[in-house]
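Here is what each chain is made of, one letter per residue.
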Amino acid sequence: MSGKVVLLGADRAGEAPHGNRALPSLEESVAYVAGLGKPTAAQVLQKARESGRVAIQPRCGVGGHEEMKALLRDLETEAAPDLLTLTIDSHTRLKRFEQALRTLNRDPKDLNGYPLVTHGWQRGRDLNESVAAPLEIRHGSPDARALFDVSVASGITSFEGGGISYNLPYSKAVPVAESLAAWEEVDRVCGRLAELGLIVDRELFGTLTAVLVPPSISLAISVVEAVLAARAGVRCISVAYPQSGHLVQDVAALRSIPLLARRYLPPGVQVHAVFHEFMGVFPKGRAHAEDLIFYGALVARLGGASKLITKTYQEAYGIPDTRANIEGLRLAARANSPLLDFVAVDADRVAEELEWILAEVADIVEPLLEQADLKAAVADALERGTLDIPFSASRYAKSEVIPKRDAEGAIRYLSAGSLPLSGRALRRNDALLRRDARTGGGAADPGLRSLLADLTGDINYFLTVFGETDHEGTS
Amino acid sequence: MQQRKIILGVAASDAHAVANHLIAHALRGIGYTVVNLGTCTPVEEFAEACREHPDAEAVVIGSLNGHAHEDLRDLAAAKAEGAIRCPVVVGGNLSVGSRKDPSALERLRRLGVDRIVSDPAALPAVLDELRAARSAAEPLLAVS
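Read on for a plain summary of the structure. (Residues numbered from 1 in each chain as written. Chains lettered and ligands numbered in written order. Predicted model: local features only at pLDDT ≥ 70, side-chain atom pairs only at ≥ 80, totals over all residues.)

### Things to note about the overall build of chain B
Part 1: Across its full length, chain B holds six helices and five strands.
Part 2: Ordered by position in the sequence, the α and β elements of chain B form the string β-α-β-α-β-α-α-β-α-β-α.
Part 3: Over its C-alpha atoms chain B spans a radius of gyration of 14 Å, differing by no more than 12% from the 15 Å that the globule rule assigns to 144 residues.
Part 4: Counting across all 144 residues of chain B, residues that qualify as buried make up 42%.
Part 5: For chain B, the proportion of contacts with a sequence separation of at least 24, taken over those separated by at least 6, is 77%. (Helix = DSSP H or I, 4+ residues; strand = E, 2+ residues; numbered from the N terminus. Rg over C-alpha atoms; globule rule 2.2 N^0.38 Å. Buried ≥ 20, exposed ≤ 12 C-beta atoms within 10 Å, placed from the backbone. Contact = placed C-beta atoms within 7 Å.)

Written out as structure tokens, the structure reads:
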């Protein structure tokens, strides 16, 4: 079936096609999920944590409905992931529903994801009913209200994003106050659904720009988004952290997530650590890519993550085909083997790194959490640079932070910009980078050309590890 | 003494943020006020920024995806209309393909690009030269 889809009553750009009236009530959707005969995403995550294994989830999304259904079924039949994904196309992410519709009717293959709002909630339910695993919506929308409404009506129990993490890396000119307000509405609906008995998992996108994000920035932004979500009524929060590539740093960052939750979130909110397999420049060679995938899955296990989002050996070439996606899931799942209990990490080094991560996150978030109006404090802090991310796509972050890998490959602050890090933390970052200056010759002020070259090297870290260094260019 | 100011951005079809932020960081470090328009900036937005910041001494445009000429197509008109009056500096990876063709640079110059910079470290010196040339040509507009 690839019948034409017609937008009903969408004469204004940016308006959800079917209008909210056409959607079922929240009560009806909650009843639908209860009768669906599958666990919610929150239940799957809880069970994974209790059983000590890492739940596995792919990214996947194509434009056509039947094609999307076939993709989900193929992934489930061949790799049985714990959760499945609908990755949403770029038009829908930006509320360009008319363009999504036109492209869908012209050639669904031109869409880089599934346009759920355009297909509508009945088709969303059709996808949901065609697989046993719960679904999550992954996208990148600064304002996801229309998409979320259709997601809930589709009986989808996990929804990624946040007012900071789905704005700064994706949009150039959306004020943070606007995206925070839009996401607060999403989170309030989650609160109402929780009162009706349905816990929606809200995953925060700590990966941000995926380019050398210092762990304390990723985690600080997730803490802020998590506090806002919990205040709006969200009861299950997944904090996603992207693999830096440095074992001790990554394990410490993952293990800090339950501690941060205890410190900053009210009891009764379920919090899960989610690990993103490396999100930066991936090696091209299949064996190299698969080494990195398996390594990432082992790190997720060591860090105690509830869930792992997988990559494929085709990552360096673009969106993977179904076969590669299946292979990536199967490979990642191998790291859950009971035979691998002997794999361990230096506990003292992890404990030390973890203390520093907690201290840096505290430096960044505590001045904000003291403010009466947290959303206003966040927008203001981003404007002043006291909350910041490196290499922001948005003008609404200062992006004064310059990250840098140390000699071991851990991500440090070459410049912390205006982040309110303590003198101790700044001195440690300096020392870790300067101690390693023997190769670069004066990392303190390396000059623009060598700074660009150094950072390009840091971005292409795994190409160097695997000897694929003919690659050139920055991101 | 008035701070020196430049307008910085990446060409319209280009989302490469890293070099853009590093150049902003380096120029701020040597005292410039940098109005950074960021990635995916069409010529029209550069012109708008020029109207808002008439004291900017140059527009610096990065392009890494090889589409510089297409992205800067409107530059000739913007300069002719006087919407962009200050010198325009372009740098990065300016045409598709690994072997560079000098005619690609000539085509950019014909659009109104004043200087093409292959090494970002050369930017401060290029900005100094452009300012010196401009104060010599237009003493009344010189920053005092």
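Next comes the rest of the description.
### Overview of the pairing of strand 4 (residues 88-92) of chain B
All names here are of chain B.
Part 1: With five of five residues buried, strand 4 lies mostly within the body of the structure.
Part 2: In strand 4, alternate side chains face the same way, and those of Val88, Val90 and Gly92 on one face and Val89 and Gly91 on the other are all buried.
Part 3: The sheet contact formed by strand 3 (residues 58-63) and strand 4 spans five bridges and is parallel. Paired with Ile61 across the strands is Val90, a residue of strand 4.
Part 4: Note: strand 4 against strand 5 (residues 115-117), three bridges, orientation parallel. Directly across from Val90, in strand 5, lies its bridge partner Ile116. (Pairing = 2+ DSSP bridges.)

### What to know about the environment of Ala305(A)
All names here are of chain A.
Part 1: Assignment of secondary structure puts Ala305 in the loop between helix 12 (286-303) and strand 8 (307-309).
Part 2: Each C-alpha atom of the pair Ala305 and Leu451 lies 34 Å from the other, and the pair is 146 residues apart in sequence.
Part 3: Apart from residues lying up to four places away in sequence, Ala305 is in contact with Val54, Leu254, Ala273, Val274, Phe275 and Ala300.

Purely geometric stuff here, so don't read any function into it on its own.
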